[in-house]
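Residue-level structural notes
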Amino acid sequence: MRIPFLRPRPPRLSHLVADLQALEASGVYSNYGPLNAKFEQTLTDRLFGGIGGCLTVNNATTGLIIAIHEAAPRGPGRRLALMPSFTFAATAHAALWAGLTPLLCDIDPETWSMSPNAEDALLGAHAGEIACIVPYACFGNGLDLQRYARIAQQTGIGVVIDAAASLGSQHEDGRAFGAGFPHAVVFSMHATKTFATGEAGVIHCGDAERLARLRTMGNFGFGRSREATMPGLNSKLSELGALLGLAKLHDFEEIVRHRDAIAAVYRRNLPGFQFQRVVGRRIAYQFVPALLPEDCRMSRPAIIEALAAEGIGAAHYFSPHLAEHDYFAGVSRKGDLCETAQIAARIISLPISDEMTEAEALSVCAVLRRCIGANR
Ligand SMILES: *Cc1c(COP(=O)(O)O)cnc(C)c1O
């Protein structure tokens, strides 16, 4: 058996020869060129139902940096970025590059996204100090976005959604996650994500003026011809990146459905494991996270080793969680992280890919059931 943890499947460059020749003939390689414009419009139309707009970025991390910088009100005392400790390093790095200090918050034990109660406690304890709130849509799960819109309206705090793993995820009513949200929603198209291209990302936003500011910011802050009018960096996606993105859109809906079906196989065949409570209609699974049974016979490293011995790749996102990285512990502040610690200690990330079969998922489940000593 050989089931790698992730099998990146960006569009085949060798199938795009005619498009590559046209790109070369055009002589346009970047700077929000025609392929990029087409990609942004197609994303808006096909994925977001024609609502709001899209701005491509060269990866989600740069997207988060400009979005947090744009959203955070400047002012004395407002220096904190409220975010979960249970997220990828990029969320905290982005806040730090935007000049803010991460304030690490606990998660909900069922959805694994930030806990509204823990958020309220930190918003109260640090009133006037928080510049931005950066909820992470955990592993592509849904979030109550209206709650964050309300917080922004009532407090003036900026909101940026880290939706790195959420392209293809849907709200209960079938809309794409984040469609039309007036704050920045940042998605990744890294090779390992479900919308796999290589290095790319997109910011979706229902507020056209905010999106225009982000576009300017991502092009050196050039608000007038070659003249910087605001903070800037280079977050532009190349024309080649846009071409790959356009090609990825072809079979994307099928890919998400297939991954959803594989996740359902795991959910049905691992008694004793605990799965994320799904918020919304659908998660665009990048991999399948699960909690090992509390009374598990083997340790997580031993289980991952046993899987590897059968040719099966697995991981443990996000353990360590951010507050457990020495570096982040030194440059961040934190609230109580009780639930985060318990989830991180038991989490295991199981393989999924565009080509994975149900039979393969069943074999992974069989090995896992053996590991936990289940004659349950
Ligand atoms: C993948 C990921 C990112 C970073 O995305 P890149 O496109 O690789 O920069 C940020 N946050 C989270 C939660 C992620 O999973």
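Each remark here, short or long, concerns the structure printed above.
Residues numbered from 1 in each chain as written. Predicted model: local features only at pLDDT ≥ 70, side-chain atom pairs only at ≥ 80, totals over all residues. Heavy atoms only, no water.

1. Focus: unusual backbone geometry
- The step from Y317 to F318 runs through a cis peptide bond, and the omega angle for that step is -5°.
- Inspection of the secondary structure assignment puts F318 in the loop between α10 (300-309) and α11 (326-331).
- Between S319 and the following residue, P320, the backbone shows a cis peptide bond with an omega angle of 5°.
- Residue placement: P320 occurs in the loop between α10 and α11. (Helix = DSSP H or I, 4+ residues; strand = E, 2+ residues; numbered from the N terminus.)

2. Looking at the site of the ligand
- Close to the ligand lie 13 residues, the nearest being A60, T61, D162, S188 and K193.
- A distance of 3.5 Å separates an oxygen atom of the ligand from a polar atom in the side chain of N59.
- Between the ligand and the protein, one listed contact pairs an oxygen atom with a side-chain N or O atom of S188 at 2.7 Å.
- In the complex, the protein chains occlude 92% of the 380 Å² of accessible area that the ligand would expose alone. (Near = heavy atom within 4 Å. Polar contact = N/O pair within 3.5 Å; in protein donor to acceptor, adjacent residues only side chain to side chain. Areas by Shrake-Rupley, 256 points an atom, 1.4 Å probe, with all protein chains shown as cover.)

3. Remarks on the pairing of strand β6 (residues 184-188)
- Burial within β6 is extensive, with 5 of its 5 residues counted as buried.
- Across 3 bridges, strand β5 (residues 158-162) lies against β6 in parallel orientation. Looking across to β6, one finds that D162 is bridged to V186.
- Of the pairings in the sheet, the one linking β6 to strand β7 (residues 201-205) comprises 4 bridges and is antiparallel in character. What sits directly across from F187, in β7, is V202. (Buried < 20%, exposed > 50% of the residue type's maximum accessible area, 1.4 Å probe, protein only. Pairing = 2+ DSSP bridges.)

4. Things to note about the sheet that holds strand β11 (residues 288-291)
- Pairing in this open sheet of 3 strands is antiparallel, and the strands run β10-β11-β13 from one edge to the other. Each edge of the open sheet is held by one strand with a lone partner, namely β10 (274-275) and β13 (347-350).
- Here β11 pairs with β13 via 4 bridges, running antiparallel. For V288, the partnering residue across the bridge sits in β13 and is L350.
- With respect to the sheet, helix α12 (residues 338-346) is in contact with β10, β11 and β13, its orientation differing from that of β13 by roughly 45°. (Contact = heavy atoms within 4.5 Å. Axes fitted to C-alpha atoms, helices over the stretch in contact; angles between N-to-C directions.)

Note that all results are geometric; they support no functional claim without further evidence.
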